[in-house]
Amino acid sequence: MEHTNVAWPVWPDAQEFRMLRALVREGVARMAAARHGPYAVQFHGWRIRVWRRDDAVRNSAYIDIRSREGEVCARFAWETACQADDEVA
């Protein structure tokens, strides 16, 4: 089977990807610690929004990453496990 590269219309470069990943982690950590309001930040035109929804079974952080053009690059849920010192695992 031949390997095929899929060309995404918009994708962060390596440095942007590392920074976006760090900003998502920061957003999830802040949401776990603050327990209020959404976290939103922009970096090089990329928009990240993190919000939470708690229920009796689990705590989830929802992440939405959009490109400079507003296209959805990623959307996913992150199950948070808070430790005693409020560090997100």
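Draft legend 1. Seen up close, the packing of aromatic side chains. All chains considered together, the criterion is met by one aromatic pair. The ring of tryptophan 51 carries arginine 49 above its face, with NZ or CZ at 4.1 Å from the centroid.

Draft legend 2. How the structure looks around the confidence of the model for the protein chain. For the protein chain, mean pLDDT is 76; residues scoring 70 or higher make up 70% of the total. Confidence, expressed as mean pLDDT per element, reaches its minimum in the protein chain at strand β4 (residues 72–80) with 79 and its maximum at strand β1 (residues 39–43) with 93.

Draft legend 3. Fine view of the nonpolar core. Val24, Val28, Ile48, Val50, Ile63 and Ile65 are the most contacted members of the largest nonpolar core, which has 13 residues in total. For this core, the secondary-structure elements that each account for two or more residues are α1 (14–34), β2 (46–54) and β3 (59–66). When residues in this core are grouped by element, the largest group, five residues, is from α1.

Draft legend 4. Highlighting unusual backbone geometry. In the Ramachandran plot, histidine 44 falls in the positive-phi region, its phi being about 50° despite a non-glycine side chain. Structurally, histidine 44 can be placed in the loop between β1 and β2.

Draft legend 5. Region of the structure containing the environment of glutamate 16. With respect to the helices, strands and loops of the structure, glutamate 16 is situated in helix α1. Each C-alpha atom, one on glutamate 16 and one on phenylalanine 43, is 8.0 Å from the other, the two residues being 27 residues apart in sequence. Residues contacting glutamate 16, with those up to four places away along its chain left out, are Phe43, His44, Trp46 and Arg68. A polar contact of 3.3 Å, which involves the side chain of glutamate 16, links it to the side chain of histidine 44.

Rules and cut-offs
Every chain begins its residue count from 1, and numbering advances along the sequence as written. Where totals are concerned, whole chains, interfaces and linings use all residues; where local detail is concerned, this predicted model gives features only for residues with pLDDT of at least 70, and gives and counts side-chain atom pairs only at 80 or more. To get the side-chain values, all heavy atoms of the structure are used, and hydrogens and water are removed first. For Phe, Tyr and Trp, rings pair up if their centres lie within 6.5 Å, where Trp contributes its six-membered ring, and each pair is then called stacked (planes under 30 degrees apart), edge-to-face (over 60) or tilted (otherwise). Whether a charge sits over a ring depends on NZ of Lys or CZ of Arg being within 6 Å of the ring centre and within 35 degrees of the ring normal. Per-residue confidence from the predictor is given as pLDDT, running between 0 and 100. Counting from the N terminus, the helices are DSSP H or I runs at least four residues long and the strands are E runs at least two residues long. In this text, buried Ala, Val, Leu, Ile, Met, Phe, Trp, Tyr and Cys residues form a nonpolar core when linked through side-chain atoms within 4.5 Å. Categorising residues by exposure relies on relative accessible area from a 1.4 Å probe, with only protein chains included: less than 20% of the type maximum marks a residue as buried, more than 50% marks it as exposed, and the intermediate range marks it as partly exposed. In this analysis, two residues are considered to be in contact whenever any of their non-hydrogen atoms come within 4.5 Å of each other. Definition of a polar contact: a pair of N or O atoms within 3.5 Å, with one able to donate and the other able to accept a hydrogen when the atoms are protein atoms, and with sequence-neighbouring residues admitted only if both atoms are side-chain atoms.

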